[in-house]
Amino acid sequence: CDFDIFCVIVQDRIVENNIKVAATMRVHCKNRSLLFLVICISSYQHRSQIGIMGSDAALVHEDGSKASEVYSYHPSEFASSYQTLRDELAESLGADGCTVEEGNKKGNVGRKKLIAAAVQMRSSSNTPGNKNDAQSFFERATSAVERAVVDHNATLVLLQELFLGPYFCQSQDAALFSLAEITDDNPFLIAMRDLARRLQVVLPISMFERKNNVYYNSVVMIDADGSVLGTYRKSHIPDGTGYQEKFYFSPGDTGFRVFQTAVGNVGVGICWDQWFPEAARAMALQGADVLLYPTAIGSEPQDPTLDSADHWQRVMQGHAASNMVPVIASNRVGTEVLLNNDGTEKQ
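Cut-off values and rules
- In every chain, residue numbers begin from 1 and rise along the written sequence.
- At least 70 in pLDDT is required for a residue's local features to be given in this predicted model, at least 80 for side-chain atom pairs to be given and counted, and no such filter applies to totals for whole chains, interfaces and linings, which use all residues.
- As a rule here, side-chain values cover all heavy atoms of the structure and leave hydrogens and water aside.
- In this description a helix means any DSSP run of H or I spanning at least four residues, a strand means any run of E spanning at least two, and both kinds are numbered starting from the N terminus.
- The criterion used for residue contact is that any of the two residues' heavy atoms lie within 4.5 Å.
- The Shrake-Rupley method, run with a 1.4 Å probe sphere, supplies the accessible areas, and residue values consider only the shown protein chains as cover.
- Confidence per residue, as judged by the predictor, is encoded in pLDDT with a range of 0 to 100.
- For our purposes a nonpolar core is just a set of buried Ala, Val, Leu, Ile, Met, Phe, Trp, Tyr and Cys residues, chained together by side-chain atoms within 4.5 Å.
- Only protein chains enter the calculation, and the probe is 1.4 Å; a residue is then buried if its accessible area is under 20% of its type maximum, exposed if over 50%, and partly exposed in between.
- Should DSSP find at least two bridges between two strands, the strands are taken to pair.
- Axis angles are defined between N-to-C directions and span 0 to 180 degrees, where every axis is a line fitted to C-alpha atoms and, for a helix, only to the segment in contact.
- Oblique is the label for every angle not falling under 35 degrees (roughly parallel), over 145 degrees (roughly antiparallel), or within 65 to 115 degrees (roughly perpendicular).
- Rotating anticlockwise by less than a right angle from the far helix to the near helix defines a left-handed crossing, while the corresponding clockwise rotation defines a right-handed one.
- Polarity classes work like this: nonpolar for Ala, Val, Leu, Ile, Met, Phe, Trp, Tyr, Cys and Pro, charged for Asp, Glu, Lys and Arg, and polar for all others, with Gly in that last group.

Caption draft 1: Local environment of the overall build of the protein. Looking only at helices and strands, the protein features six helices and 17 strands. Across the protein, the fraction of contacts at a sequence separation of at least 24, relative to all contacts at a separation of at least 6, is 74%. As displayed, the protein has an accessible area near 14,000 Å², and 47% of this comes from carbon and sulfur atoms.

Here's what the structure looks like:
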């Protein structure tokens with residue numbers, strides 16, 4: 001590739017009131033001889049006291065809580081919070097928000113050096129006493145993008161899978177289908193297009209998508225001028241304890257895609273796609289300069305003794321080695337517990 005790759009990890013945590021950058025590396029790509037892999041991981045768990053991705057219990061987060069604290073939520077309450085935020089955001093955009101037609105017009109942003117940031121956020125609320133506050137997720141995501149660009153000169157920022165809320169696929173609840181959005185009428189996506197255009201940054205946006213009568217786990221690729229380049233829909237859908245995605249998502253119908261962005265050719269898979277070598281190979285054969293995997297993987301609730309962290313990392317290192325292409329993954333952090341109406345864990 002004819003550009004440098006400079007990856008940083010912007011984590012949603014503070015120590016002594018300063019955002020900590022967990023890793024900073026620069027790789028000069030010459031004659032396709034160097035490989036680069038950065039994985040943004042920590043302790044993402046489905047329930048308390050199940051460690052898998054390492055412990056950061058001593059860290060203090062921006063909301064004053066510790067990483068060891070559990071984020072618990074009721075599906076219907078979080079869905080209501082999400083709808084309230086959606087309505088407020090749509091109203092605030094009003095006539096000033098970019099329309100679908102405006103958003104898809106190509107701007108004058110030229111070729112940019114690829115400086116990629118992987119963002120890691122834990123589930124928490126900005127509202128004291130309210131852990132179902134969807135606004136927290138949205139505000140911290142946009143803030144992380146701005147920090148990555150302003151503080152680290154990032155030109156591509158990768159947020160984690162389904163970053164607008166907790167990973168709700170732990171169990172089955174029909175109320176959570178209200179989180180699904182139509183791509184062309186999505187105030188969150190409009191806001192992210194505005195953000196990308198203002199900061200001149202490429203943003204792969206993970207979302208729960210509704211298309212006609214079908215629901216998908218999708219990524220919408222937004223270029224540095226705010227235009228929408230297209231959508232990738234997750235091909236491999238898991239169905240097991242703690243990861244009951246087949247209740248919510250259908251297998252994607254887009255095939256594996258590579259997007260020609262201002263920072264190069266960007267391929268995107270989603271979480272479980274990374275366990276399958278054909279996804280990475282298909283994108284590499286399409287000329288991908290970098291592979292992205294927004295992710296939500298953590299503990300194995302059916303057997304606390306299982307630790308898939310090393311296996312997970314080795315597979316992605318294999319993608320990088322076998323395809324001679326950098327691989328970047330962004331995972332969530334913390335402990336999330338989905339609750340029944342009576343306050344017991346819904347699992």
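Caption draft 2: Seen up close, the confidence of the model for the protein. Averaged over the protein, the pLDDT score is 79; the fraction of residues at 70 or greater is 73%. In the model, residues 39-43 has pLDDT below 50 throughout and makes 28 contacts with residues more than four positions away in sequence or in other chains. Counting contacts from residues 99-103, a segment whose pLDDT is below 50, to residues more than four positions away or on other chains yields nine contacts.

Caption draft 3: Seen up close, the nonpolar core. One finds Val157, Phe168, Met192 and Leu203 to be the most contacted residues of the largest nonpolar core, which totals 65 residues. Setting aside its immediate chain neighbours within four residues, Val157 contacts Ala117, Val119, Val145, Ala148, Val149, Val201, Val202, Leu203 and Pro204. Ranked by size, the runner-up nonpolar core spans 20 residues in total, among them Val219, Ala224, Ala262 and Ile328.

Caption draft 4: The arrangement of the sheet that holds strand β8 (residues 203-211) in detail. Taken together, the three strands give an open sheet; going across it, the order is β8-β9-β10, and neighbouring strands pair in antiparallel fashion. Since the sheet does not close on itself, it has two edges, and those belong to β8 and β10 (228-233), each with one partner. In this sheet, adjacent strand axes meet at a mean angle of 30 degrees when their direction is disregarded. Summarising the sheet, strand β9 (residues 214-222) and β10 pair through five bridges and their orientation is antiparallel. From the neighbouring strand, Ser218 faces β10, where its bridge partner is Arg233.

Caption draft 5: Quick peek at unusual backbone geometry. One non-glycine residue with positive phi stands out, namely Asn212, at about 55 degrees. Position of Asn212 relative to the elements: it lies in the loop between β8 and β9. Residue classification places Asn212 among the exposed residues on the basis of a relative accessible area of 63%. Of note in the backbone geometry, Cys271 takes a positive phi value of approximately 45 degrees without being a glycine. Mapped onto the elements of the fold, Cys271 is located in the loop between β14 (264-268) and α5 (277-285).

Caption draft 6: Here's a closer look at the packing of helix α3 (residues 134-152) against helix α4 (residues 187-199). In contact at an axis separation of 11 Å, α3 and α4 are set at 15 degrees when each is read in the N-to-C sense. When the axes of α3 and α4 are compared, the pair comes out roughly parallel. For α3 against α4, the interelement crossing comes out right-handed. Mapping the contact onto sequence places Phe138, Ala141, Thr142, Val145, Glu146 and Val149 in α3 and Phe188, Ala191, Met192, Leu195, Arg198 and Leu199 in α4. Looking at the contact of α3 with α4 residue by residue, the class counts come to nine nonpolar, one polar and two charged.

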